[in-house]
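# Working through the structure, step by step
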Amino acid sequence: MALNKEKVMILVQRRLSLIQGISRLTAELADALSRRDEVSVNMLLQMRADEMGRLDECMEEIWKTGEEGVSETEELRHLLTCDPFRETAGPGYEERKIFEIRQKTQALIKKLQEEDRKINRSVAGNQSFYD
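Here the residue numbers are simple positions, counted from 1 along each chain's written sequence. Where local features are concerned, this predicted model is filtered to residues with pLDDT of at least 70; where side-chain atom pairs are given and counted, the filter is 80 or more; whole-chain, interface and lining totals use all residues. Neither water nor hydrogens contribute to the side-chain values; these are computed over all heavy atoms in the structure.

## Details of the packing of helix H1 (residues 5–34) against helix H2 (residues 38–64)
Worth spelling out the cut-off: The convention used is that axes are lines fitted to C-alpha atoms, helices contributing only their stretch in contact, and that angles between N-to-C directions extend from 0 to 180 degrees. Only DSSP runs of H or I reaching four residues or more are called helices, and only runs of E reaching two or more are called strands; each is numbered from the N terminus. Should an angle lie under 35 degrees it is considered roughly parallel, over 145 roughly antiparallel, and from 65 to 115 roughly perpendicular; all remaining angles are considered oblique. Crossing handedness: left-handed means the near helix sits turned counterclockwise from the far one by under a right angle, and right-handed means the same turn made clockwise. Any residue outside Ala, Val, Leu, Ile, Met, Phe, Trp, Tyr, Cys, Pro, Asp, Glu, Lys and Arg is labelled polar, Gly included; the first ten of those are nonpolar and the last four are charged.
Where H1 meets H2, the axes come as close as 9 Å, and the angle between the chain directions of the two elements is 165°. By the angle class used here, H1 and H2 are roughly antiparallel. Seen along the crossing, H1 lies across H2 with a hand that is left-handed. For the contact of H1 with H2, the class distribution of residues is 18 nonpolar, three polar and eight charged.

Right under this line is the structure:
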């Protein structure tokens, strides 16, 4: 049985949407921290944790699409772990779209990590996770 690339494409898009939600909540968290609004900070941290849980569930669902057989698992592993900026997508629409979505996702994750790093340093100071 062949890997259902259309389903993978949809799930990878869902993953991007979840990460966009986490990014939005992170920006709101930074704003709440700057206002020293503890109620909003706590609420946003919980909302962000919930989104991260949904992100984990989405990743589990993505990996399950490749459980049909060895070749499907290998193909899925390649689609999800190769460098989408250096590798060339296959000829199919779904594979090209997966690479495009993964490029957007990686760029957003990099931006999100920097935002998170700034928040962590502003809250933790010298005891920051990143220092």
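## Quick look at the environment of glutamate 51
Counted only if it meets this: For this analysis, residues touch if any pair of their heavy atoms sits within 4.5 Å.
Relative to the helices and strands, glutamate 51 is located in helix H2. Linking glutamate 51 and leucine 18, residues 33 residues apart in sequence, is a C-alpha distance of 6.5 Å. Here glutamate 51 is in contact with Leu18, Gly21, Ile22 and Leu25, once residues within four sequence places are set aside.

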